[in-house]
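This is what each chain is made of:
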Amino acid sequence: MLIATEKAAIAAYSWLGKDNKHMADQAAVSAMRKQLNLTNFHGTIKIGEGERDKAPMLSIGEIVGNQKGIRLDIALDPLEGTSMCAKGESGSLSVLAIARPNTILHSPDVYMDKLITSSDIEPSSIDLNKSLTLNLKAIAKQKKNM
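Below is a summary of the structure that appears in this document. Starting afresh in each chain, residues are numbered from 1 along the sequence in its written order. Owing to the predicted nature of the model, reporting of local features is limited to residues with pLDDT of at least 70; listing and counting of side-chain atom pairs is limited to 80 or more, with chain, interface and lining totals taken over all residues. Side-chain calculation: all heavy atoms of the structure are included, whereas hydrogens and water are not.

**Quick word on unusual backbone geometry**
Next, step 1: At Asp19, a residue that is not glycine, the phi angle is positive and equals roughly 55 degrees.
Next, step 2: Relative to the elements of secondary structure, Asp19 occurs in the loop between helix H1 (2-13) and helix H2 (21-37). A run of DSSP states H or I qualifies as a helix once it reaches four residues; a run of E qualifies as a strand once it reaches two. Both are numbered from the N-terminal end.

**Thoughts on the pattern of salt bridges**
Next, step 1: Think of a salt bridge as a Lys or Arg side-chain nitrogen and an Asp or Glu carboxyl oxygen that are within 4 Å of each other. The final tally for this structure, using the stated rule, is two salt bridges.
Next, step 2: Across the salt bridge formed by Arg33 and Glu62, the nearest N and O atoms sit 2.9 Å from each other. With Arg33 in helix H2 and Glu62 in the loop between strand E1 (42-47) and strand E2 (63-64), this pair connects stretches of sequence that are 29 residues apart.
Next, step 3: For Lys143, the salt bridge goes to Asp120, with nearest N and O atoms at 3.0 Å. Highlighted residues: Lys143 in helix H4 (residues 132-144) and Asp120 in the loop between strand E4 (93-99) and H4, separated in sequence by 23 residues.

**Brief notes about the sheet that holds strand E3 (residues 71-80)**
The strands that make up a sheet pair up through hydrogen bonds in the backbone, lying either parallel or antiparallel.
Next, step 1: A sheet is described by the order of its strands in space; here four strands give the open sequence E2-E1-E3-E4, paired in mixed fashion. In this open sheet, the two edge strands, each paired with only one partner strand, are E2 and E4.
Next, step 2: The pairing of E1 with E2 spans two bridges and is classified as antiparallel. In the sheet register, Gly43 faces E2, and the bridge partner there is Val64.
Next, step 3: Residues count as neighbours in contact if any of their non-hydrogen atoms are within 4.5 Å of one another. The angle between two axes is taken between their N-to-C directions and runs from 0 to 180 degrees, where each axis is a line fitted to C-alpha atoms and a helix contributes only its stretch in contact. Each of E3 and E4 is contacted by H1, which is oriented at about 160 degrees to E4, the strand it contacts most.
Next, step 4: Packed on one face of the sheet, H2 meets E2, E3 and E4 and runs near 155 degrees to E3. In this scheme, strands are said to pair when DSSP sees at least two bridges between them.

**Points about the environment of Pro123**
Next, step 1: In this structure, Pro123 sits in the loop between E4 and H4.
Next, step 2: By relative accessible area, Pro123 is classed as exposed at 65%.
Next, step 3: Each C-alpha atom, one on Pro123 and one on Ile139, is 9.9 Å from the other, the two residues being 16 residues apart in sequence. Burial status follows relative accessibility: with a 1.4 Å probe on protein chains alone, a residue under 20% of its type maximum counts as buried, one over 50% as exposed, and anything between as partly exposed.

**Overview of the pairing of E3**
Next, step 1: Within E3, eight of the 10 residues are buried, which leaves it mostly tucked inside the rest of the structure.
Next, step 2: Across five bridges, E1 lies against E3 in parallel orientation. Residue pairing across strands places Gly43 opposite Leu72, the latter belonging to E3.
Next, step 3: Bridge count for E3 against E4 is six bridges, and the pairing is antiparallel.

What follows is the structure, encoded as C-alpha cells:
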C-alpha cells in the first residue's frame, strides 16, 4: 500500500507551485486509484476525500483493489494540503490507512486533527487524549535520548 501514497505524491508533485489545486488533487487521486486497483486485495473506502469540497474523489463506499485476496477497509486522502501544493509550499501529504473490515469508524465529512511522527518515535509516547504541546514535548524528549 505504501506505493499507492508514493505514486499519489509523485503525481501531485508535478503540479507543485502551478496554482492549480484541482489538477494537483486530480493527479494524486488518479495515481492512487490506479495503484490500488493493481494491488491484490478487496478494499472498501470508509473515509474518502472530495465530498466536502467537490474535489476529485476516491469516495466513501468505493471498491478498490483487484478483488483478489484479503478484505480491507481504507481511510485515505491522496493529497492532504492541496492549496499548499498548488502554492509551492511544504507540508502536503498523501495519506492512506488500512484496517480489518468494519474497524474504521465511519464519520461524517469533517476535518480532523492529525499528528504525524517519524518511524523512530515509539507509538507509546503519543497520547491522542493529550494536547499537541504535551505530545510534542514527549517526542522531543524521546529524540533527545536517541
